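Understanding the architecture of this molecule
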Amino acid sequence: MYHPARAGLLARELHNLNVHVAAIQEVRWPGHGEREFTAVDPIANTSFKYHIYYSGGEKAMHGVGFVVIGDQKNRVIKWKVVNDRICVLRIKGKFFNYSLINIYAPTNDKPDDEKDAFYERLDKTYGECPRHDVKIVIGDANAQVGREVSCEEQRNESSAEKNGSTTKRYLPKRKHSTTRTISGGFMQLSTV
């Protein structure tokens, strides 16, 4: 979403779907802050305001944020920038307040130090949210979908390669592991 015009397209779709708050990743806007825009819906011949809370780095990489449509901005209690991969939006609810923690996790090919630092910061951010809030971690966890290879399978496959064997061996039943990637999220809030 490097260009602000794309934000307008997103806001119109969210408005048409009656979505009030959406978590966005890969914003790619430098710095951090809040911007207010006006979107026009040419089909319904209406216009509405929307706010984008964003948290980016020095470069136009990564970045997370929230899109808040219309009057729902009045329900925002607090906006907290953590870094270019984590931000928090606190929203007033009917019975409870919500702390929405938006994440954009590093991929598995990144160094372990970077991944550890991210998850330590996420844990600290989660702990800093008010105790009685409903806490929701949402965003792009950069999980990978695929099968998990057991240690025995790796051993059997590597020993077969060493011996130059091309015949298939009967290996233990393969374990499959699938992980869901949360590529973005939205939340529909009821009006008070």
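For clarity, every value in this text was computed on a predicted model and none was experimentally measured.

The subject of this paragraph is the overall build of the protein chain. Secondary structure summary: the protein chain contains three helices and 11 strands in total. Look at the contacts in the protein chain between residues 6 or more apart in sequence, and 58% of them connect residues 24 or more apart. If you sum the accessible surface of the protein chain, you get close to 12,300 Å²; carbon and sulfur atoms cover 50% of it.

Note that Gln25 resides in strand 1 (residues 21-25). The exposure class assigned to Gln25 is buried, which follows from its relative accessible area of 12%. For the pair formed by Gln25 and Val64, sequence separation is 39 residues and the distance between their alpha carbons is 4.4 Å. For Gln25, the side chain forms a polar contact with the side chain of Asn102, separated by 2.8 Å.

What follows covers a nonpolar patch on the surface. A cluster of nonpolar side chains, contributed by Phe95, Phe96 and Val134, occupies part of the molecular surface with about 340 Å² of accessible area. As for its placement among the helices and strands, Phe96 is situated in the loop between strand 6 (86-91) and strand 7 (98-104).

The next thing to look at is the sheet that holds strand 5 (residues 76-81). Sheet architecture is open: four strands sit in the order 5-6-7-8, paired in mixed fashion. Looking at strand neighbours, the two that pair on one side only are strand 5 and strand 8 (134-140), the edges of this open sheet. Going from strand to strand, the sheet's axes swing by 15° on average, the running direction of each strand aside. Along the sheet, helix 2 (residues 112-128) makes contact with strand 5, strand 6, strand 7 and strand 8, crossing strand 7 at roughly 170°.

Now for unusual backbone geometry. Most of the time, phi is negative for any residue but glycine, and the peptide bond is trans. Within the chain, Asn18 stands out as a residue other than glycine whose phi angle is a positive 65°. Located in the positive-phi region is Glu26, a residue other than glycine, with phi close to 55°. Along the chain, Glu26 falls in the loop between strand 1 and strand 2 (32-41). Among the residues examined, Glu26 registers a relative accessible area of 29% and is labelled partly exposed.

Side-chain pairs of opposite charge can arise whenever the charged atoms involved come near each other. Under the defined criterion, the tally for this structure stands at seven salt bridges. A salt bridge links Glu128 to Lys80; its shortest N-O distance comes to 2.4 Å. Of the two residues, Glu128 is situated in helix 2 and Lys80 in strand 5; the sequence distance between them amounts to 48 residues. The exposure class assigned to Glu128 is partly exposed, which follows from its relative accessible area of 38%. Here the residues in one salt-bridge network are Lys80, Arg121 and Glu128, joined through shared partners.

Mean pLDDT for the protein chain: 75, with 71% of residues reaching 70 or above. Predicted confidence for residues 165-188 stays below pLDDT 50, and this span has 50 contacts to residues more than four positions away or in other chains.

Along its 17 residues, helix 2 runs 24 Å from first to last C-alpha, staying within 8% of the 24 Å computed at 1.5 Å per residue. Buried residues along helix 2 sit in contact with strand 6, strand 7 and strand 8.

Next up on the list: a negative patch on the surface. Where like charges cluster on the molecular surface, the negative patch consists of Asp113, Asp116, Glu120 and Asp123. Inspection of the secondary structure assignment puts Asp116 in helix 2.

Let us look at the nonpolar core. In this structure, Leu14, Trp29, Phe48, Tyr50, Ile52, Val67 and Ile69 are the most contacted members of the largest nonpolar core, which totals 16 residues. No other element matches strand 3 (residues 46-55), which puts four residues into this core. Setting aside chain neighbours within four positions, we find Leu14 in contact with Val19, Ala22, Val67 and Ile69.

Here we take up the side chain of Asp133. Locating Asp133 in the fold gives a position in the loop between helix 2 and strand 8. On the basis of relative accessible area, Asp133 is assigned to the buried category, the value being 9%. Apart from residues no more than four positions distant in its own chain, Asp133 is found in contact with Arg90, Asn97, Tyr98 and Ser99.

Cut-offs used in this document
- Residues numbered from 1 in each chain as written.
- Predicted model: local features only at pLDDT ≥ 70, side-chain atom pairs only at ≥ 80, totals over all residues.
- Heavy atoms only, no water.
- Helix = DSSP H or I, 4+ residues; strand = E, 2+ residues; numbered from the N terminus.
- Contact = heavy atoms within 4.5 Å.
- Areas by Shrake-Rupley, 256 points an atom, 1.4 Å probe, with all protein chains shown as cover.
- Buried < 20%, exposed > 50% of the residue type's maximum accessible area, 1.4 Å probe, protein only.
- Polar contact = N/O pair within 3.5 Å; in protein donor to acceptor, adjacent residues only side chain to side chain.
- Patch = residues over 30% accessible without salt bridge, like charges linked within 9 Å, V, L, I, M, F, W, Y side chains within 5 Å.
- Salt bridge = Lys/Arg side-chain N within 4 Å of Asp/Glu carboxyl O.
- Pairing = 2+ DSSP bridges.
- Axes fitted to C-alpha atoms, helices over the stretch in contact; angles between N-to-C directions.
- pLDDT = per-residue confidence, 0-100.
- Expected span 1.5 Å × (residues − 1).
- Lys, Arg positive; Asp, Glu negative; His and termini not counted.
- Charge placed at Lys NZ, Arg CZ, Asp CG, Glu CD.
- Core = buried A, V, L, I, M, F, W, Y, C linked by side-chain atoms within 4.5 Å.

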